[in-house]
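# Descriptive analysis of the structure
The lines below spell out each chain.
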Amino acid sequence: MAENRLGTNPFDSIETLEEMREALLSRYAAFAPERLEQVAIVGSAGEGKRFATICRDIDIEIIGIFESHTGRVGKWVAGKVVSLLESIERLDRDIPVVL
């Protein structure tokens, strides 16, 4: 992983998946499943579609699904119309974005 401003990587000492989860949640609390209320998704193929379906099914509000592949723009995924990636710039910066 890349180094931080101090030249060391805070994730280097992580040995287990549980330690990784704890470290990530301590840095990015908005992504804690119990706190995640809204999300913007980049990518509407395979994993993006799967993630959008999961979010919809557990009542996480999908603010938008964004795609750079113009052939997918305008299609429906998990009840949302896929938008062109450039339009993500209009979103509130407090909304978590998942790639």
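Look up: the structure comes first, before these words.
Anyway, here's the lowdown on the structure attached to this text. This is a predicted model, so every value here is computed, not measured.

## Here we look at the overall build of the chain
Per the secondary structure count, the chain includes two helices and five strands. Order of helices (α) and strands (β) in the chain, N terminus to C terminus: α-β-α-β-β-β-β. Considering only C-alpha atoms, the chain reaches an extent of 45 × 30 × 25 Å along its principal axes. Taking all 99 residues of the chain together, the buried fraction comes to 28%. Contacts in the chain between residues at least 24 apart in sequence constitute 38% of all its contacts with a sequence separation of at least 6. Accessible area for the chain stands at about 7,300 Å²; split by element, carbon and sulfur atoms hold 52% of it.

## Here we look at the nonpolar core
Here is a general trend for soluble globular proteins: nonpolar side chains tend to be buried in one another's company. The biggest cluster of nonpolar side chains holds 12 residues, and these are Leu36, Val39, Ile41, Ala52, Cys55, Ile60, Ile62, Ile65, Val77, Ala78, Val82 and Val98. Mapped by element, the contributors of at least two residues to this core are strand 1 (38-42), helix 2 (46-57) and strand 2 (61-67). When neighbours within four sequence positions are excluded, isoleucine 65 is seen to be in contact with Ile41, Gly43, Ser44, Ala52, Val77, Lys80, Val81, Val82 and Ser83.

## So, the side chain of serine 87
Looking at the secondary structure, you find serine 87 in the loop between strand 4 (80-84) and strand 5 (97-98). A relative accessible area of 14% places serine 87 in the buried class. Within the structure, the side chain of serine 87 is placed 2.6 Å from the backbone oxygen of leucine 84, a separation counted as a polar contact.

## Some thoughts on the sheet that holds strand 1
The strands that make up a sheet pair up through hydrogen bonds in the backbone, lying either parallel or antiparallel. Taken together, the five strands give an open sheet; going across it, the order is 3-4-2-1-5, and neighbouring strands pair in mixed fashion. In the strand order of this sheet, the two ends are held by strand 3 (76-77) and strand 5, each with one partner. Bridge analysis of strand 1 against strand 2 gives five bridges, and the strand direction is parallel. Pairing of valine 42 across the sheet is with phenylalanine 66, part of strand 2.

## Focus: the layout of surface pockets
Reported here for the largest pocket is a volume of approximately 200 Å³. Lining the largest pocket are Leu17, Met20, Arg21, Leu24, Leu25, Tyr28, Phe31 and Pro33. Of the residues contributing to the lining of the largest pocket, the split by class is seven nonpolar, no polar and one charged.

Criteria and thresholds
Residues numbered from 1 in each chain as written. Predicted model: local features only at pLDDT ≥ 70, side-chain atom pairs only at ≥ 80, totals over all residues. Heavy atoms only, no water. Helix = DSSP H or I, 4+ residues; strand = E, 2+ residues; numbered from the N terminus. Buried < 20%, exposed > 50% of the residue type's maximum accessible area, 1.4 Å probe, protein only. Contact = heavy atoms within 4.5 Å. Areas by Shrake-Rupley, 256 points an atom, 1.4 Å probe, with all protein chains shown as cover. Core = buried A, V, L, I, M, F, W, Y, C linked by side-chain atoms within 4.5 Å. Polar contact = N/O pair within 3.5 Å; in protein donor to acceptor, adjacent residues only side chain to side chain. Pairing = 2+ DSSP bridges. 1 Å grid on protein atoms, 1.4 Å probe; cavity = no way out; pocket = protein on both sides within 12 Å on 5 of 7 lines; lining within 4 Å. Points joined across faces, edges and corners; volume = space filled by probe spheres on them. Nonpolar A, V, L, I, M, F, W, Y, C, P; charged D, E, K, R; others polar.

Remember that the coordinates give geometry; whether it matters functionally is a separate question.
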